Amino acid sequence: MTYLAGIPTGKKVLVVGDVMLDEYTFGVVERISPEAPVPILKVHKQECRLGGSANVAANITALGVGVSLLGLCGADTAADTLLEEMQKACIDSKLLRSVEISTTTKKRILAHQQQLMRIDYEHQINIKAAQNLYEKFLEIYLEYDLVVLSDYGKGAVLDPQPYIESCNLKNIAILVDPKGGDFDRYCNATLITPNLREFEEIVGSSLNNDEFVAKAQALKNKLGLAYLIVTLGPDGVFMLDDQNHSHRMSSEAKQVYDVSGAGDTVIAVLAALIASDYEVAHALDIANTAAGLAVAKVGTSVVTYSEILS
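Everything numeric in this text was worked out from a predicted model, so none of it was measured.

### Here we look at empty space enclosed by the protein
Taken as a whole and judged by the stated rule, the model has 1 cavity of 30 Å³ or more. Along the wall of the largest cavity there are 13 residues; nearest its centre are Asp18, Val19, Leu72, Thr104 and Ile125. Per-class residue counts for the lining of the largest cavity are 6 nonpolar, 5 polar and 2 charged.

### Brief notes about the sheet that holds strand 4 (residues 66-70)
Strand order across the open sheet formed by 9 strands is 6-4-1-10-11-12-13-14-15, with mixed pairing between neighbours. The sheet is open, and its two edges are formed by strand 6 (92-93) and strand 15 (246-249), each paired on a single side. As paired elements, strand 1 (residues 12-17) and strand 4 share 5 bridges and run parallel to each other. Bridging across to strand 4, Val13 finds its partner in Val67. Sitting on the sheet, helix 7 (residues 262-275) touches strand 1, strand 10 (146-150), strand 11 (173-177), strand 12 (191-192) and strand 13 (227-231), and the angle it makes with strand 11 is about 175°.

### A short note on the nonpolar core
Across soluble globular proteins, nonpolar side chains have a tendency to be buried as a group. Of all hydrophobic cores here, the largest spans 51 residues; its most connected members are Val13, Val15, Ile60, Leu69, Leu82 and Leu270. With 10 residues, the single largest contributor to this core is helix 7. Not counting the four nearest positions on each side in its chain, Ile60 is found in contact with Val13, Val15, Val65, Val67, Ala268, Ala271 and Ala272. Counting 40 residues, the second largest nonpolar core, distinct from the first, contains Ile172, Cys187, Phe199 and Ala216.

### Remarks on helix 8 (residues 280-294)
A rise of 1.5 Å per residue sets the reference length of helix 8, with its 15 residues, at 21 Å; its end C-alpha atoms lie 20 Å apart and thus fit the reference within 8%. Counted residue by residue, helix 8 has 12 buried out of 15 residues, so it is predominantly covered. Every buried residue of helix 8 is accounted for by Val280, Ala283, Leu284, Asp285, Ile286, Ala287, Asn288, Thr289, Ala290, Ala291, Gly292 and Ala294. Taken together, the buried residues of helix 8 touch strand 12, strand 13, strand 14 (237-240), strand 15, helix 7 and helix 9 (305-309).

### Here we look at the state of the cysteines
According to the stated counting rule, one finds 0 disulfides in the structure shown. Lacking any disulfide linkage, Cys73 is separated from the closest cysteine sulfur, that of Cys48, by 14 Å. Assessed through its relative accessible area of 0%, Cys73 is described here as buried. Free cysteine: Cys187, not disulfide-bonded; nearest cysteine sulfur from Cys167 at 15 Å.

### Quick word on helix 4 (residues 161-169)
Three or more residues of helix 4 are buried, namely Gln161, Tyr163, Ile164, Ser166 and Cys167. Trailing helix 4 by a residue or two, Asn171 shows a phi angle of about 55°, which is positive.

### Regarding the sheet that holds strand 9 (residues 114-121)
Reading across from one edge, 3-2-8-9 is the order of the 4 strands in this open sheet, with mixed pairing throughout. At either end of the open sheet lies a strand with only one pairing partner, and these are strand 3 (39-52) and strand 9. If you compare each strand with its neighbour and ignore which way they point, the axes differ by 20° on average. Where helix 1 (residues 53-61) meets the sheet, it contacts strand 2 (19-32) and strand 3, and its direction lies at approximately 70° from that of strand 3.

### Some details on unusual backbone geometry
The bulk of non-glycine residues show a negative phi, and the bulk of peptide bonds are trans. Even without glycine at this site, Gln113 takes up a positive phi of about 65°. Turning to its location among the elements, Gln113 is positioned in the loop between strand 8 (105-111) and strand 9. In this structure Gln113 comes out as partly exposed when scored by relative accessible area, which is 44%. Even without glycine at this site, Asp277 takes up a positive phi of about 75°. Position of Asp277 relative to the elements: it lies in the loop between helix 7 and helix 8. Under the relative-accessibility criterion, Asp277 is labelled exposed at 60%.

### Digging into the pairing of strand 14
In strand 14, alternate side chains face the same way, and those of Val237 and Met239 on one face and Phe238 and Leu240 on the other are all buried. Note: strand 13 against strand 14, 4 bridges, orientation antiparallel. Across the sheet, Leu228 pairs through a bridge with Leu240, a residue of strand 14. Here strand 13 folds back onto strand 14 in antiparallel fashion, the turn holding 5 residues, of which Gly233 has a positive phi close to 65°. The sheet contact formed by strand 14 and strand 15 spans 4 bridges and is antiparallel. By the bridge assignment for strand 15, Val237 is matched with Met249. Between the antiparallel neighbours strand 14 and strand 15 lie 5 residues, among them Asn244 with a positive phi of about 70°.

Procedures and definitions
Residues numbered from 1 in each chain as written. Predicted model: local features only at pLDDT ≥ 70, side-chain atom pairs only at ≥ 80, totals over all residues. Heavy atoms only, no water. 1 Å grid on protein atoms, 1.4 Å probe; cavity = no way out; pocket = protein on both sides within 12 Å on 5 of 7 lines; lining within 4 Å. Points joined across faces, edges and corners; volume = space filled by probe spheres on them. Nonpolar A, V, L, I, M, F, W, Y, C, P; charged D, E, K, R; others polar. Pairing = 2+ DSSP bridges. Helix = DSSP H or I, 4+ residues; strand = E, 2+ residues; numbered from the N terminus. Contact = heavy atoms within 4.5 Å. Axes fitted to C-alpha atoms, helices over the stretch in contact; angles between N-to-C directions. Core = buried A, V, L, I, M, F, W, Y, C linked by side-chain atoms within 4.5 Å. Buried < 20%, exposed > 50% of the residue type's maximum accessible area, 1.4 Å probe, protein only. Expected span 1.5 Å × (residues − 1). Disulfide = S-S within 2.5 Å.

Pasting the structure below:
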């Protein structure tokens, strides 16, 4: 049974990665356009939410743990909105703004709790900007109890290894939400949290549980991880601990509306609790509960301390 005790105050987490602004337009569809065979959305409301690594940071601070967000954004109106939303969420901004890039923005159009379309605005980060980010990291990371690398493949973390090596040198736990087909980039991290699709892109599909566990153990050992956690969607989560023992936890989701951001919730809760001296298995049990709450909400969302307690 999941139990969430009080979280010690004074703990601080640094989230590094690809920040995004998520914009939602909600409405209803009652007819098809006479101009083209497309639905007409009658807009009811619009919202802006924190996305990408900013959503991870928002979920950490919702649990009462101090968090700073280090990332790259443009010198544009989307960045202004992003900073406003971060301030509302009590996230300490360490963002580096640049006129050479635009802030990654995802606009989602929804009707009757179904997504009709997503429009992406993004700009690939250049090597110089990524290097500036790492230099800023070196200036501040010793102030934190734990580091999260939230890699969405947009270029903020072009090379994770300097971050991992710096944290290992100072015995600071570093958790990674990975992206892409090369997990060697994350060697020697404390743990990584791929979803099932990402995991199988690396090791291939498995015919049974024994084969799945064997492939997970081989990957964990190859990468030199302390822990490997695979999120399994509606089937819950899987973990190999620091003794290579396997653990499976079934999903606690009562209903599923939207899986976007569920991975953010898992790594955020893990970060908040591990920084607060919870054992990893206990932290994952609570993170699994939080993920079940997250997928019952529409869009990227924050799961609060009181929701998990209830």
